[in-house]
Each structure stands twice: as structure tokens, then as C-alpha cells.
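Below are the chains, spelled out letter by letter.
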Amino acid sequence: MFAVYAESFSSDDPLSGLVVGERPDPTPPDGWTTVTVKAASLNHHDLWSLRGVGLKDDALPMILGCDAAGLDEDGNEVVVHAVISDPAWSGDETLDPRRSLLSERHQGTFADQVVVPRGNLVPKPASMSFAEAACLPTAWLTAYRMLFTQGGLKPGDTVLVQGAGGGVATALITLARAGGLTVLATSRDEAKRQRALEIGAHQVFESGARLPVKVDAVMETVGRATWSHSIRSLRPGGKVVISGTTSGPQLDDAELTRIFFLQLQVIGSTMGTRAELASLVNLLDATGTRPLVDRTLPMADARDGFAAMAAGDVFGKIVFER
Ligand SMILES: NC(=O)c1ccc[n+]([C@@H]2O[C@H](COP(=O)([O-])OP(=O)(O)OC[C@H]3O[C@@H](n4cnc5c(N)ncnc54)[C@H](OP(=O)(O)O)[C@@H]3O)[C@@H](O)[C@H]2O)c1
């Protein structure tokens, strides 16, 4: 079958190990099912895989891609949940120490077909295109869990999203607005601040700027560059929810005194559950909110999409269609 896969790793030139070619048709193990991929979206995770982060040599060749929407074996339209937990695991699959993401241990979604556990399929509403649905399982699911599960945010609460241009950050802004929150966002870049307003932020600020109000929660994916500002922006008892550290994990000042004195909460968040993916799909179906798609490419032109992401030339999701 047609597939886009990693053949080798390079930290300096990740695209050198990328192949757009053919791989054997997959055979689903017991309890797994085959999905015919109609659309799949690109994540930084795919670039990291080409750099050898999270993948070992003995896993190669590995079909890339975590996110997909397509048709199940009966022709139903589905979204694929990307978190694969151990068959013996029950409960929240993000807490399974043996979980993996598609394309880490099991072949990914940039192909004609992907095989996944039957329980990993979520129905795709007719109102949503395959391209829109394919944006949801990684960045958008991460954002959903950060806001509504780990953050516990409710309509009327105020949230700050750091680094507005990021893939998770754009999802956070759009979802927070759809969920009835007051949304503040920061970015280093004026053009990205304007785009943040267009996708749902009520107010935007330069990174590190003093805010007019203290917020109920901050959504962090930037890390070192914004951490101190995040802590200083919270009201007493507020929460910072963190799912990434793009600018680095080391801190000059962790703001520990503020954390205990103002009784702040620091909460980690990773991916999400199948149930949260189903709730996310329902939220978008009910509100008409849709993921921002930067561009849609035929999957055969996947290399162009990887190159754009590597160059940072993206606002929203890059989607590959079959
Ligand atoms: N835990 C999970 O399940 C999960 C899932 C997905 C992603 N992640 C992680 O989340 C992080 C974000 O991913 P992403 O795909 O959204 O990344 P991204 O698209 O590269 O965005 C990161 C954003 O961080 C901001 N930033 C970067 N360096 C900065 C600096 N020095 N100062 C201020 N802001 C800076 C930028 O915002 P501005 O340019 O607008 O300032 C940038 O747009 C990554 O670490 C990723 O690994 C985790």
C-alpha cells in the first residue's frame, strides 16, 4: 500500500530519512480493525520521530502519523484515537505506563490503511469533514483535556494561553472560546497575536506583558520562556496546566514561594482518553467550531508539509488527504 514512513533518523536533517513510497498491507491482530485513511494530519511528533526521538532503530521502517479519520471495515466514518494502551489496562489510558502513540510502536496513519484496536474508533459526525476530523486526535485532544479535565474550567472562567502561535495553543484558544471561557493569549509575534484574536481570543498581549486581571488558569506549552509569567498571572488558588516545554524544561526561577503562598496548583497533562476524544467531537459538532487548517495537501506531497513544519511556516494544522 501507499505509505509515508521513516527509513532512518537524522537530528540535523530529519527529512533525509523520510520516504514517500510503498509498505506491505497491514494485517490486524485479534481485537484490532483496519481503517481506510481518508485524511491524516501532521504533528511535531512526526518530525521528532525523523530525528530519532521516541523511536528506536529496530522499529524502522515506521509509517509516520498519529492522527487520522477514515472509514471502518463496514464503511462507517470514524476518527481514530491515537493512544494505544496495553490490552490488560483498564481506566484512563493516559495513565497506562505501557501506552504508546500510533507511529511509536504500531504503524502510523500516513498510509492507505492503519490498524488499531476496535475500541479506538470514535464515530465522525456527518457535519465534519475528514480533514477537520483528522486534526483532532493529538493537538486538539491534548488541548481539550488541559482545559476541561485537568484545568476543570467552566463557562465564565478566565484562561491565559501562552505562545498563541503553537499547534496546541491555537487549539486551546478556539476550544476555550467554544467552551464559554474568557480567553487571554500571549505571543511574541504581532501577526500571530492578530490571528489569535481571529480564532477566538478576547485579548492578546506580548509575551511577558502584565495582564489587566489575574486568571483562573494558565495553559502552558512553552515552558522556560513563559513559566514565571504564568505563575505571576494566576489568582490565588489558580492552576497552571502544562503539557509541553517548547522553549526548554529548565527554570531560572520556579516561583516556588508564590506557588505555596498563593496555594497555586501545577498540573501535568498528556494526550487524552477515547472518551475525551468523543466529547471533543461532540463539542465541535454542537457548536460548529472547527480546527484551523493551515493547508491541505495530497498525501503523496507529504514531504512539502514536513518541510513547512520544519521551517516553522505554519498557523494551524497541515492535513494530508488520500
Ligand atoms: N503532552 C502532550 O500530550 C502533548 C501533545 C502535543 C504537544 N505537546 C508538546 O507541547 C509543546 C507545544 O507543541 P506545539 O506543537 O504546539 O508546538 P509549536 O507549534 O512549535 O508551538 C510552540 C509555541 O511556543 C512559543 N514559543 C516557542 N519558543 C518561545 C520562546 N522562546 N518564548 C516565548 N514563546 C515561545 C511560540 O509561540 P509564539 O511564537 O506565538 O510566541 C510557539 O508557537 C511541545 O513541547 C510538544 O512536545 C505535548
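Below, the structure is looked at part by part. Worth saying up front: this structure is predicted, and the values here are computed from it rather than measured.

1. A few points about the overall build of the protein
When helices and strands are counted, the protein shows nine helices and 18 strands. A globule of 322 residues ought to have a C-alpha radius of gyration of about 20 Å, and the protein, at 19 Å, matches this closely. Each principal axis of the C-alpha atoms in the protein carries an extent, and together these give about 55 × 40 × 40 Å. Across the 322 residues that make up the protein, the buried fraction comes to 52%. For the protein, the share of sequence-separated contacts (at least 6 apart) that also reach a separation of at least 24 residues comes to 69%. Of the accessible surface of the protein, which amounts to about 13700 Å², a share of 49% is contributed by carbon and sulfur atoms. Charged side chains of the protein number 29 positive and 38 negative; the gap between the two group centres comes to 7 Å.

2. Topic: helix α4 (residues 167–178)
In this model, α4 (twelve residues) spans 17 Å end to end at C-alpha, consistent with the 16 Å of a helix rising 1.5 Å per residue. The set of residues buried in α4 consists of A169, T170, A171, L172, I173, T174, L175 and A176. The inward-facing, buried residues of α4 contact α3 (136–150), β11 (158–161), β12 (182–187), α5 (190–198), β14 (215–220) and α8 (274–287). The first or second residue beyond α4 is G180, which carries a positive phi of 85°.

3. Section: the environment of A286
Considering the arrangement of structural elements, one finds A286 in helix α8. A sequence separation of 86 residues divides A286 from G200, and the C-alpha atoms of the two residues are 17 Å apart.

4. Some details on the pairing of β12
Within β12, five of the six residues are buried, which leaves the element mostly enclosed by the surrounding structure. Strand direction decides the pairing type here: β11 and β12, joined by four bridges, are parallel. Across the sheet, the residue bridging to T158 is T182, located in β12. Note on the crossover from β11 through α4 to β12: the handedness is right-handed.

Cut-offs and rules
- Position labels on residues start from 1 in each chain and follow its written sequence.
- Given that this is a predicted model, residues contribute local features only at a pLDDT of at least 70 and side-chain atom pairs are listed and counted only at 80 or more, while totals for whole chains, interfaces and linings are drawn from all residues.
- Side-chain metrics rest on all non-hydrogen atoms present in the structure, leaving aside hydrogens and water.
- Numbering goes from the N terminus for both helices and strands, where a helix is a DSSP run of H or I of at least four residues and a strand is a run of E of at least two.
- Two things to know: the radius of gyration comes from C-alpha atoms, and the globule rule equals 2.2 Å times the number of residues to the power 0.38.
- For the exposure calls, accessible area comes from a 1.4 Å probe over protein chains only, and a residue counts as buried if that area is under 20% of its type's maximum, exposed if over 50%, partly exposed in between.
- Note on contacts: a residue pair is in contact if any heavy atoms of the two residues lie within 4.5 Å.
- All accessibility values rest on the Shrake-Rupley procedure with a 1.4 Å probe; residue burial counts only the protein chains present in the view.
- Here the positive residues are Lys and Arg and the negative ones are Asp and Glu; neither His nor the chain ends is included.
- Charge positions are represented by NZ for Lys, CZ for Arg, CG for Asp and CD for Glu.
- An expected span of 1.5 Å times one less than the residue number is assigned to each helix.
- Should DSSP find at least two bridges between two strands, the strands are regarded as paired.
- Note on handedness: a clockwise path from strand one over the helix to strand two, with the strands aimed away from the viewer, defines a right-handed crossover.

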